[in-house]
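# Survey of secondary and tertiary structure
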Amino acid sequence: MHDVAAAAGVSRGTVSRVINGGYVSPRARAAIEAAIAEVGYVPNTAARNLVTQRSQAVGFVVLEPHVLFLEDPNIGAIMLGANATLSDADYQMVNLVVDSERDTQRVSRYLSGGFVDGVIIVSARTHDPIIRVLAQVGIPAAFVGHPRDLDRGIPFVGIDNTGSARLITERLMATGRRRIGMIAAAVDRDSGADRVDGFRAALGPRFDPDLVAEVPLYDYSWGAKGMRSLLEREPAIDGVFAGSDALAAGALEVLREAGLSVPRDVGVVGFDDSAWAVRTQPQLSTIHQPAAKLGAQAADLVLRQLRGEPYASEGILLPTPIVWRGSA
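On a predicted model such as this, the values are computed, not experimentally measured, just so you know.

About the thresholds
- Residues numbered from 1 in each chain as written.
- Predicted model: local features only at pLDDT ≥ 70, side-chain atom pairs only at ≥ 80, totals over all residues.
- Heavy atoms only, no water.
- 1 Å grid on protein atoms, 1.4 Å probe; cavity = no way out; pocket = protein on both sides within 12 Å on 5 of 7 lines; lining within 4 Å.
- Points joined across faces, edges and corners; volume = space filled by probe spheres on them.
- Nonpolar A, V, L, I, M, F, W, Y, C, P; charged D, E, K, R; others polar.
- Axes fitted to C-alpha atoms, helices over the stretch in contact; angles between N-to-C directions.
- Helix = DSSP H or I, 4+ residues; strand = E, 2+ residues; numbered from the N terminus.
- Parallel < 35°, antiparallel > 145°, perpendicular 65-115°, else oblique.
- Left-handed = near helix turned anticlockwise from the far one by under 90°.
- Contact = heavy atoms within 4.5 Å.
- Polar contact = N/O pair within 3.5 Å; in protein donor to acceptor, adjacent residues only side chain to side chain.
- Phe/Tyr/Trp six-rings, centres within 6.5 Å; stacked < 30°, edge-to-face > 60°.
- Buried < 20%, exposed > 50% of the residue type's maximum accessible area, 1.4 Å probe, protein only.
- Pairing = 2+ DSSP bridges.
- Right-handed = clockwise from strand over helix to strand, strands pointing away.
- Core = buried A, V, L, I, M, F, W, Y, C linked by side-chain atoms within 4.5 Å.

## Points about the layout of surface pockets
Where empty space is left can be seen by rolling a probe of water-molecule size over the atoms. Approximately 560 Å³ is the volume attributed to the largest pocket. Here the lining of the largest pocket is composed, by residue class, of 16 nonpolar, ten polar and eleven charged. For the second largest pocket, the calculated volume is near 160 Å³. Contributing to the lining of the second largest pocket are Leu63, Glu64, Pro65, Val98, Asp99, Ser100, Glu101, Thr104, Arg125, Asp128 and Pro129. When the residues that make up the lining of the second largest pocket are grouped by side-chain class, the tally is four nonpolar, two polar and five charged.

Following this line, the structure appears as structure tokens:
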């Protein structure tokens, strides 16, 4: 700061006001910014944090296997949406992946240690230990999704999984399908369980629990396994609602191997409107999930808590329109 002040021809106090967001004249600000660029000054974040008791960092915790964190386009879009909002507010995002009980303990210690000012949680399950940890730590937080046992004091941003699943299943039924099955993933989470509820509500008395193939992950390979299971249970199946586009893509491959035409023999719909939806042949009819906006809204909820601003404590639901393509 001495060097910047000398180069700009101003006092250290004036330099300090520019760096810390105070008011100076436009002319002085321009001179100081030019001097900063000239001498290569970077504020000492560690020293500033000791004074402010802030890390200027927000954790982004994904409760999924490591491979899904890398391959799932929704998680990537949520992460990028959150990062853009945090970056605009001059916050650093710290990515943390929880794939085991040991990971949970490690991340819990990290969140308790003051390394981040707030946290965004993605893909929490019902009765997830991370919910209890957040209640104990008291750190500003927001969830993407809404675990059914989430404390009412912790905000969330999500979608109406039940209503969206019901609507697209009804749209599939309207094409004349009579034996409709579902590949249901992650039913230990609100997204998976709610999509099954919506599927059941749409079919009403036609719902057959034997035509729900449960798989653990929203993953291409599990979509293929789920589709094989449905064909074994009901060779005459003519409609499939896959709980994600990745699942639907796996199902399409198995149907192709079985010599069945989509949509002539079997109509298939997915969920997410992710990159998978436009890579398949035919392209997927699906529900558009605004993944980037989910991340951005979750980050905004955390920032509002940090600033002491009002926020939607009861949660935010974003719209999810149907995108109809060639698979059904």
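## So, the packing of helix H9 (residues 161-173) against helix H10 (residues 190-203)
Where H9 contacts H10, the two axes come as close as 7 Å, and the packing angle between them is 40°. Overall, the two elements H9 and H10 adopt an arrangement that is oblique. Handedness of the H9/H10 crossing: right-handed. Residue-level inspection shows Asn161, Thr162, Ala165, Arg166, Thr169, Glu170 and Met173 of H9 in contact with H10, the latter providing Asp190, Ser191, Asp194, Arg195, Asp197, Gly198, Phe199, Ala201, Ala202 and Leu203. For the contact of H9 with H10, the residue count by class is six nonpolar, five polar and six charged.

## As for the environment of Arg325
Tracing the sequence through the fold places Arg325 in the segment after strand S12 (322-323). Residues Arg325 and Thr286 lie 39 residues apart in sequence; the distance between their C-alpha atoms is 7.8 Å. Every residue in contact with Arg325, bar those within four places of it in the chain, is listed here: Asp273, Ala277, Val278, Gln283, Leu284, Ser285 and Thr286. Within the local environment of Arg325, its side chain forms a polar contact with the side chain of Asp273, the two groups lying 2.8 Å apart. A polar contact of 3.0 Å, which involves the side chain of Arg325, links it to the backbone oxygen of Leu284.

## Some thoughts on the packing of aromatic side chains
How two aromatic rings sit relative to each other is set out by the distance from centre to centre and by the angle between their planes. With the rule as written, the count across this model stands at four aromatic pairs. Taking 6.1 Å as the distance between ring centres and 75° as the angle between the ring planes, the aromatic pair formed by Phe199 and Phe207 counts as edge-to-face. Across this residue pair, the class does not change: Phe199 and Phe207 are buried. Centre to centre, the rings of Phe199 and Phe241 are 6.2 Å apart; their planes meet at 35°, and the pair counts as tilted. With Phe199 in helix H10 and Phe241 in strand S8 (residues 239-242), this residue pair connects regions lying 42 residues apart in the sequence. For the pair formed by Phe199 and Phe241, the shared burial category is buried. Clustering of aromatic rings is evident, with ring pairs tying together Phe199, Phe207 and Phe241.

## Concerning the pairing of S8
Of the two faces of S8, the one lined by Gly239 and Phe241 and the one lined by Val240 and Ala242 are each fully buried. Summarising the sheet, strand S6 (residues 180-185) and S8 pair through four bridges and their orientation is parallel. Bridge pairing in S8 links Gly181 to Val240. With three bridges joining them, S8 and strand S9 (residues 267-269) adopt parallel strand pairing. Bridging across to S9, Phe241 finds its partner in Val269. With helix H12 (residues 245-257) bridging S8 and the parallel S9, this β-α-β connection has right-handed handedness.

## Regarding the nonpolar core
Phe60, Leu86, Ile120, Val144, Val157, Phe199 and Phe241 are the most contacted members of the largest nonpolar core, which totals 46 residues. When residues in this core are grouped by element, the largest group, eight residues, is from helix H14 (residues 291-307). Grouped together as the second largest cluster of nonpolar side chains are 24 residues, Ala185, Val254, Val268 and Leu284 included.

Purely spatial values, then, with no claim about function.
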